[in-house]
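Geometric and topological summary
Read off the chains here:
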Amino acid sequence: MIERIWSGRSPLWLLLWPFSLLYGAITALIRFSYRRGWRKSWRAPLPVVVVGNLTAGGNGKTPVVIWLVEALQQRGLRAGVVSRGYGGKADHYPLLVTALTSTEQAGDEPVLIAQRTGAPVAVAPKRRQAIEALLQQDSLDVIITDDGLQHYALQRDREIVVVDGVRRFGNGWWLPAGPMRERADRLRQVDAVIINGGEAQREEIAMQLQPGLATNLLTGETRPPEQLGAVVAMAGIGHPPRFFTTLKQQGIMPVAEIAFADHHAYSEDELNRLLQPGQQLLMTEKDAVKCRHFAQQDWWYLPVDAHLTGKALTPLLDDIEQLCRRTL
């Protein structure tokens, strides 16, 4: 239903329109208060790059963070990542993510980023605290913030926005009548726009999510996903249909497609009930980090990597590298 409302296909968005005006007024006032200095923002002692979005729902932001960290690592730069840790409930903040940190503590995305990149990751609702915790532990060249485009309490040197290339901005209205956290004209002020799927326009960076081999949660075995046989597909991400579409593009026709809420907390019994004898459960890597400690033999995940192309891609990385080198 919410997708129909936000896309404009349902007239119910008109009932929510007054609340959207209030949301837009409040967010504009918050941003204006930081720009005028009525509220104080903090500048980190090293460059900060924000990877965020303008809309609610999954846009592919976390794969971009992973790609950016790895791209900077290949250039010899040491990147740290900070996150709000949505979905996690730690006993204290800031929380430094280690191999022993659970998704219940840190949230699924910080754990996934740490596992995939090996970069230091810290979680805190106040990003300043997360950055300070990282700097006490590591010598870094740059901080990447996973989300936080609207977290104006933290000054940033570069802003990257990830946009769902198929859904774009829906009906264009602020929450809750539409998907927007900020209006689309905010894109004129950011340093790069990455389009996940769909058609990238001029000056935008095109992105495709490229799946790898299906990986068994319990054993680590890998195999082409089309060799799994009868598959039940599940996804608890911001936009589950993207995962199901990816599977079909790989020639996989699941016997069932089950969508959960983003950051859903799974249980072993809940997932076991999804399967019939002879079926394999195939999930996203983001789901897998929450299920490894009770994984079964017939549970698999499909990792994806962000593949980016476009004339603006190399200049973006060059710019970030030069920014880091100037502060060394």
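Positions within a chain are numbered from 1, following the residues in the order the chain's sequence is written. Owing to the predicted nature of the model, reporting of local features is limited to residues with pLDDT of at least 70; listing and counting of side-chain atom pairs is limited to 80 or more, with chain, interface and lining totals taken over all residues. Heavy atoms from the whole structure form the basis of all side-chain values; hydrogens and water molecules are not counted.

1. Focus on a nonpolar patch on the surface
What goes into a patch is any residue over 30% in relative accessible area without a salt bridge, connected to like charges within 9 Å or, for nonpolar side chains (Val, Leu, Ile, Met, Phe, Trp, Tyr), within 5 Å. Shrake-Rupley sampling with a 1.4 Å probe provides the accessible areas, and residues are treated as covered by the protein chains on show and by no other component. Salt bridges, as used here, are contacts in which a Lys or Arg side-chain nitrogen is within 4 Å of a carboxyl oxygen on Asp or Glu. Where nonpolar side chains cluster on the molecular surface, the patch consists of Leu-29, Phe-32 and Trp-38 and spans about 350 Å² of accessible area. Strands are runs of DSSP state E lasting at least 2 residues, helices are runs of H or I lasting at least 4, and numbering of each runs from the N terminus. Here Leu-29 shows up in helix α2 (residues 13-35).

2. Some remarks on the layout of surface pockets
Taken as a whole, the second largest pocket encloses approximately 290 Å³ of empty space. Every residue lining the second largest pocket is counted, 13 residues in all, and those nearest its centre are Val-166, Gly-197, Arg-242, Thr-245 and Gln-249. Those elements that provide at least two residues to the lining of the second largest pocket are β8 (205-211) and α7 (240-249). It is α7 that provides the largest number of residues to the lining of the second largest pocket, a total of five residues. Note that Gly is not counted as nonpolar here; it falls among the polar residues with everything else outside the nonpolar set of Ala, Val, Leu, Ile, Met, Phe, Trp, Tyr, Cys and Pro and the charged set of Asp, Glu, Lys and Arg. Its residues assigned to classes, the lining of the second largest pocket shows three nonpolar, seven polar and three charged. Those domain boundaries reflect an automatic or database domain assignment. Residues lining the lining of the second largest pocket come from more than one domain, with at least three contributed by each of domain 1 (38-173 + 184-208 + 307-326) and domain 2 (213-302). The method works on a 1 Å grid over the protein atoms by themselves. A cavity is a set of points holding a 1.4 Å probe that cannot get out, a pocket is an open set with protein on both sides within 12 Å along at least five of seven lines, and residues with an atom within 4 Å of a point line them. Grid points are joined across faces, edges and corners, and a volume is the space filled by probe spheres set on the points.

3. Topic: the packing of aromatic side chains
We call Phe, Tyr and Trp rings a pair once their centres come within 6.5 Å, taking the six-membered ring for Trp, and we label the pair stacked below 30 degrees between planes, edge-to-face above 60, and tilted otherwise. Taken as a whole, this structure holds six aromatic pairs when the rule is applied. Both rings, one in Trp-17 and one in Trp-173, keep their centres 5.9 Å apart while their planes meet at 90°; by these two values the pair is edge-to-face. Of this pair, Trp-17 sits in helix α2 while Trp-173 sits in the loop between β6 (158-164) and β7 (192-196), and the two are 156 residues apart along the sequence. Burial classes: relative accessible area under 20% of the type maximum marks a residue as buried, over 50% as exposed, and values in between as partly exposed (1.4 Å probe, protein chains only). Classification of Trp-17 by relative accessible area gives partly exposed; the value is 35%.

4. Quick look at the UniProt feature "binding site: ATP" (unreviewed entry) in the chain
The sites that carry the UniProt feature "binding site: ATP" (unreviewed entry) are, in the present numbering, Thr-55, Ala-56, Gly-57, Gly-58, Asn-59, Gly-60, Lys-61 and Thr-62. Structurally, Ala-56 can be placed in the loop between β1 (48-52) and α3 (61-74). Inspection of the secondary structure assignment puts Asn-59 in the loop between β1 and α3. Residue classification places Asn-59 among the buried residues on the basis of a relative accessible area of 2%. Pairing of N or O atoms within 3.5 Å defines a polar contact, subject to two protein rules: one partner must be a possible hydrogen donor and the other a possible acceptor, and residues neighboring in sequence count only if both atoms are side-chain atoms. Here the side chain of Asn-59 touches Thr-55 through a polar contact of 3.0 Å, side chain to side chain. UniProt positions are given in the numbering used here, feature names are shortened, and annotations may be inferred rather than shown by experiment.

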